Amino acid sequence: MQRTMIAFVPAALSLWLVTGGALAQHQTNFESLTASAAGTSLHGQDGYYNPVTGSADHKVFTYAGNALGFSTNPNGGANFVGGTGPAGSPVVLLRSQRDFAYGNGKGTWTMGFDVAVKFAGTLPAADNIGSVSLQPSTTARFFIALARWQDPATALAWKADYQYFNAAGTAVTASVPNTAFQNLALDKWYRWETDFNLSTNQIVEIRLTDIAAATTVSHTPSGWYMNGGNGAVNPAPTAYRLFTGTSVAGNTMGFDNVKIETTGYSSTFETFTASAAGTAATGQDSFYNPVPASSVDFKAYTYAGNALNVPVNPGGGNNFVAAVGPGPVGTPPVTYFGRAQRDVGFGFAKGKWTMGYDVLAQFNGTLPTAQNLGSVSLQPSVGTPVPRYFISLATWVDVNTAALWNASFIYFSATNVQTQVVIPDPAFQNLPTNKWYRLEIDFDMTSNAITQLRITDIAATTTTKYNPTGWYLQGGPNATNPAPTGFRFFAGGSLAGNTLAFDNAVLLPDLASAPVYGCSNPVGSLKVLSGAPTVGQTTVLALDNPLATQANGSSTALFFAPSADPAYPCGTLLPGFGMAGSGANGEFLLNLAQLFPVVLAGPSWSAGTPAQVPITIPKLADFVGVSLFLQGAIIDFSPGALAPIGLTQAVELKMGQ
């Protein structure tokens, strides 16, 4: 057969050349920066700059032959950032800062980095060795992850200490009260992570991992806050800073794999203080009362002996949360509702997300009751402009009996008209009270569309899906209004007694995944060797011919498309493209009409040695939630080849954050 000529392009595909939006996640392994063994200035690369006149810059080093003498980080690539604090008068310190928007300035975040310490001066050394901090420290909420010597006189070991603030807002510099954070070895790479909550201003958890040993220790501090203390009103941070050096020359630090991120929420309420009578959820796990003038708290109950007589959830643990709407209160009467809200960081505010929760409805009042039973919603639902939101609503079938309820919904049309409906599928309707169901809503923050609703009868383990058309979050398609900043539980109507109970709540982005598919090409002809397709990370694919019908040293290639063949998970059969050879059919699994006009050349293939192809996802918000479809081919150019071109299986890279 006649060979098809394939145009190859460099590994840095033009496919990746897109413009990214503002991130609510930052990560860097410094691999894309200019580095050298002697060190190349970090400032001016990837947004890093000198924040204080008179400071020296950190440098980007190659691990190979680096002038600082650091050993290779087991989780490192080719490059790292580091420096040695020089002496001088006045003292010269190393400072490198990078601006970063912390999303909506709410929710729980994690700052993590790999770090190694050395001393390259004349003893005694002096504190501090260096640090990583949120910035600006003159105005914003911040803390400092602070490296200090175990004993400056010998400089043989160091400590992972902190500068934090107490509830009154007074700065405290202290060691972590866990010896695993002390007596740390020199020239050894550790990963240091800090969870912090921008809503409560608290430091939630700290972790230290011995990278070589793959062992992690953690500490949950009590009463540790960021600048401003309890009830801080100062602004959220806008940057972070790497810092090295002190008044004595020689303090040396290396940094790699810096990552700052926030990703949704998940809770089984098992960590809540709960009781049979109910304990206020407000103040636990960052839940708060968003409208104190007309709200009562949701409460955390134990299933055992709970005052509402809520039956045990087959998928539950020991605790759940619930509220009974009190209806009109006071003179003149004001209608009160149960409300509990929690701030959540929405990461990039792009891509596919899922809100899910177990729910049970009750009525604990005098009939007739009134609509609505209650809801779960993205928040805030007011503002100028109004952020994007929807409301997953529970409504009574008949307020005179309060025996059955419907899973309803408030969405927005393509013209941004608010619409309330009972979900038009019988499985979502006429649901009995005192029975646990799981509701899940898939929505796409990129398109602003609500893509799928699911209801599960938890006891029967049966799930029904509904795929709406033309349902959007507030703002309609292509919305430009802000992303939500949290979610809210709500219970009650204009009369007393409407009750909702919740358990197993999640609000999470879709996890990155890479499913392999196809119906005819040999199983194992394409594999995902390592790495989920998350932005800024590398996924390694392997192309193979399990039939070994092609010559050793055959060429390989990867094709790209934004969608699969219309016959997915199968494809279109092409005569002569099968690995079986002799004109056998091969299955092309990408959408030919949308095929990108680029092909990635991979390494050569030989029997028993699959061709490994790394695919690095750019650190760009535009890629979150995007799927990219790839299929490989092995090309045998040898004379009389049995299988000149053999198509592999295909993979869908579902890119996440």
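Criteria and cut-off values
Residues numbered from 1 in each chain as written. Predicted model: local features only at pLDDT ≥ 70, side-chain atom pairs only at ≥ 80, totals over all residues. Heavy atoms only, no water. Disulfide = S-S within 2.5 Å. Helix = DSSP H or I, 4+ residues; strand = E, 2+ residues; numbered from the N terminus. Salt bridge = Lys/Arg side-chain N within 4 Å of Asp/Glu carboxyl O. Buried < 20%, exposed > 50% of the residue type's maximum accessible area, 1.4 Å probe, protein only. 1 Å grid on protein atoms, 1.4 Å probe; cavity = no way out; pocket = protein on both sides within 12 Å on 5 of 7 lines; lining within 4 Å. Points joined across faces, edges and corners; volume = space filled by probe spheres on them. Pairing = 2+ DSSP bridges.

**Q** Is there a simple way to explain the state of the cysteines in this structure?
**A** Linking two cysteines covalently through their sulfur atoms gives a disulfide. Tallied over the entire structure, the rule returns 1 disulfide. A disulfide bridge connects Cys 519 with Cys 570, and the sulfur atoms are separated by 1.9 Å. Torsion about the S-S bond of the Cys 519 and Cys 570 cystine: about -85°, corresponding to left-handed handedness. Here the residue Cys 519 occupies a position in the loop between β36 (516-517) and β37 (526-530), and Cys 570 occupies one in the loop between β39 (554-561) and β40 (572-575), the gap between them amounting to 51 residues.

**Q** What am I meant to see in the pattern of salt bridges here?
**A** Side-chain pairing between opposite charges can occur once the charged atoms of the two side chains come close. Per the stated rule, a full pass over the model turns up 15 salt bridges. In this structure, the salt-bridge partner of Asp 285 is Arg 342, at a minimum N-O distance of 3.4 Å. A residue pair is termed long-range when its members are at least 10 positions apart, and Asp 285 in the loop between β18 (279-280) and β19 (287-288) and Arg 342 in strand β24 (residues 334-343) qualify at 57 residues. Assessed through its relative accessible area of 31%, Asp 285 is described here as partly exposed. Salt bridges here are not isolated pairs; linked through shared partners, they connect Asp 114, Arg 191, Glu 193, Asp 195, Glu 205 and Arg 207.

**Q** What am I meant to see in empty space enclosed by the protein here?
**A** One way to see where empty space is left: roll a probe the size of a water molecule over the atoms. Counting across every chain of the model gives 4 cavities of 30 Å³ or more. Looking at the largest cavity, its volume works out to about 60 Å³. Together, 14 residues line the largest cavity, and Tyr 357, Ser 392, Leu 393, Ala 394 and Leu 439 are the ones closest to its centre. If you list the elements that add at least two residues to the lining of the largest cavity, you get β25 (352-363), β26 (374-379), β27 (391-396), β28 (404-412) and β35 (498-509).

**Q** I tried to follow the pairing of strand β4 (residues 59-62) on my own but got confused; where do I start?
**A** The two faces of the sheet receive side chains in turn, since in a regular strand these alternate between them. The sheet contact formed by strand β2 (residues 40-41) and β4 spans 2 bridges and is antiparallel. Residue pairing in the sheet places Ser 41 in a bridge with Lys 59 of β4. Sheet topology places β4 next to strand β5 (residues 79-84); 4 bridges connect them, and they run antiparallel. Counterpart to Val 60 in the pairing with β5 is Val 81.

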